[in-house]
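The primary structure of each chain is shown beneath.
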Amino acid sequence: MMLYNPSLEICKVLAIKNNKEIYNETFHSGINILSGRNGTGKTSILQLIVYGLGYEITKWKNEAGSCDYIYLGIKINNISITLRRNINNKEKQSISICFSNLDNSLLSPIENWMTFQYSSSYGNISFSKKIFELLNIPEAKADSNNNIITMHQILRVIYGDQSNPSGYIFNIESFDSAFKRESIGNYLLGLYDNDLYNDKISLINEDKKITKLIAKISAIHSIIGKTSFSTNENIIENEKKNIS
């Protein structure tokens, strides 16, 4: 099988609840199909997989949301690593990474695990940035607020959430924008250009400034236009003195 670079392959999925294995399955290279009748847990497994990769689940299936941990044994550019993420119905949970396959990682001491938060802060890097670094792909801006594209944003396109309309390419979320979706799409297609997006962001910021300035000028004109005062500054100053 041809190895593409960058590549991310899921090798093993392990879900834990009350220190017991709820789901333990080895995946093979290529296409894997989850089959079964309605209500047998296919969506729960998919939720656990994408959550383990960094996606934020807003509407958990009861079975998946009741688990304590999800472990993913994956290969990034053919290098085995293991991801572990806590499930506790809180947003933006961290991801811990061990640089070994899943079976060996479960036996590894705690000091062999590195924990990365959802967002970069105080000099620490996020798990998205770490995963992109391992994939050997660059960071990219997602919007004009200098937010960075995350694993969650990538998985909005790759993973089709059942709670979203089937006709939408992106899973719907709050505070979304056309600029962000364009950035993500171009990033995945290899069309992202950092200089171009910096210029676009500058253009958006300047446009916001112009809009505010026009609004102020319009407000001043609307007030002056309703008074008998002259627009001449000297006349206005003399009138102020007279009134005082």
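Residues numbered from 1 in each chain as written. Predicted model: local features only at pLDDT ≥ 70, side-chain atom pairs only at ≥ 80, totals over all residues. Heavy atoms only, no water.

A. Quick peek at the packing of helix H5 (residues 151-158) against helix H6 (residues 178-188). At a closest axis distance of 10 Å, the pairing of H5 and H6 adopts a crossing angle of 80 degrees. Of the possible angle classes, the one that applies to H5 and H6 is roughly perpendicular. Across the interface between the two elements, Gln153, Ile154, Arg156 and Val157 of H5 pack against Lys180, Ile184, Tyr187 and Leu188 of H6. Here the residues of the contact of H5 with H6 sort into five nonpolar, one polar and two charged. (Axes fitted to C-alpha atoms, helices over the stretch in contact; angles between N-to-C directions. Helix = DSSP H or I, 4+ residues; strand = E, 2+ residues; numbered from the N terminus. Parallel < 35°, antiparallel > 145°, perpendicular 65-115°, else oblique. Contact = heavy atoms within 4.5 Å. Nonpolar A, V, L, I, M, F, W, Y, C, P; charged D, E, K, R; others polar.)

B. Structural view of the pattern of salt bridges. In the structure shown here, the tally under the stated rule is nine salt bridges. For Asp103, the salt bridge goes to Lys12, with nearest N and O atoms at 3.0 Å. Linking Asp103 in helix H3 (residues 102-106) with Lys12 in strand S1 (residues 8-17), this pair joins segments that are 91 residues apart in sequence. On the accessibility criterion, Asp103 (44% relative accessible area) is partly exposed. The partner of Glu56 in a salt bridge is Arg85, and the shortest N-O contact between them spans 2.6 Å. Here Glu56 is found in the loop between helix H1 (42-53) and helix H2 (62-65), whereas its partner Arg85 is found in strand S4 (residues 79-86), with 29 residues between them in sequence. Salt bridges linked by common partners bring Arg156, Glu173, Asp176, Lys180 and Arg181 together as one network. (Salt bridge = Lys/Arg side-chain N within 4 Å of Asp/Glu carboxyl O. Buried < 20%, exposed > 50% of the residue type's maximum accessible area, 1.4 Å probe, protein only.)

C. View of the sheet that holds S1. One open sheet accounts for six strands, arranged S2-S1-S3-S4-S5-S6; its pairing is antiparallel. What marks the edges here is a single partner per strand, and that holds for strand S2 (20-26) and strand S6 (113-116). Each adjacent strand pair in this sheet contributes to an overall mean axis angle of 20 degrees, direction not counted. One ladder, built from eight bridges, connects S1 with strand S3 (residues 69-76); its direction is antiparallel. The residue of S3 that forms the bridge with Ala15 is Ile70. Contacts between H1 and the sheet are confined to S1, S2, S3, S4 and strand S5 (95-98), with S3 contributing the most and set at about 65 degrees to the helix. Helix H4 (residues 127-135) rests against S1, S3, S4, S5 and S6 of the sheet, and its axis sits at about 25 degrees to S3. (Pairing = 2+ DSSP bridges.)

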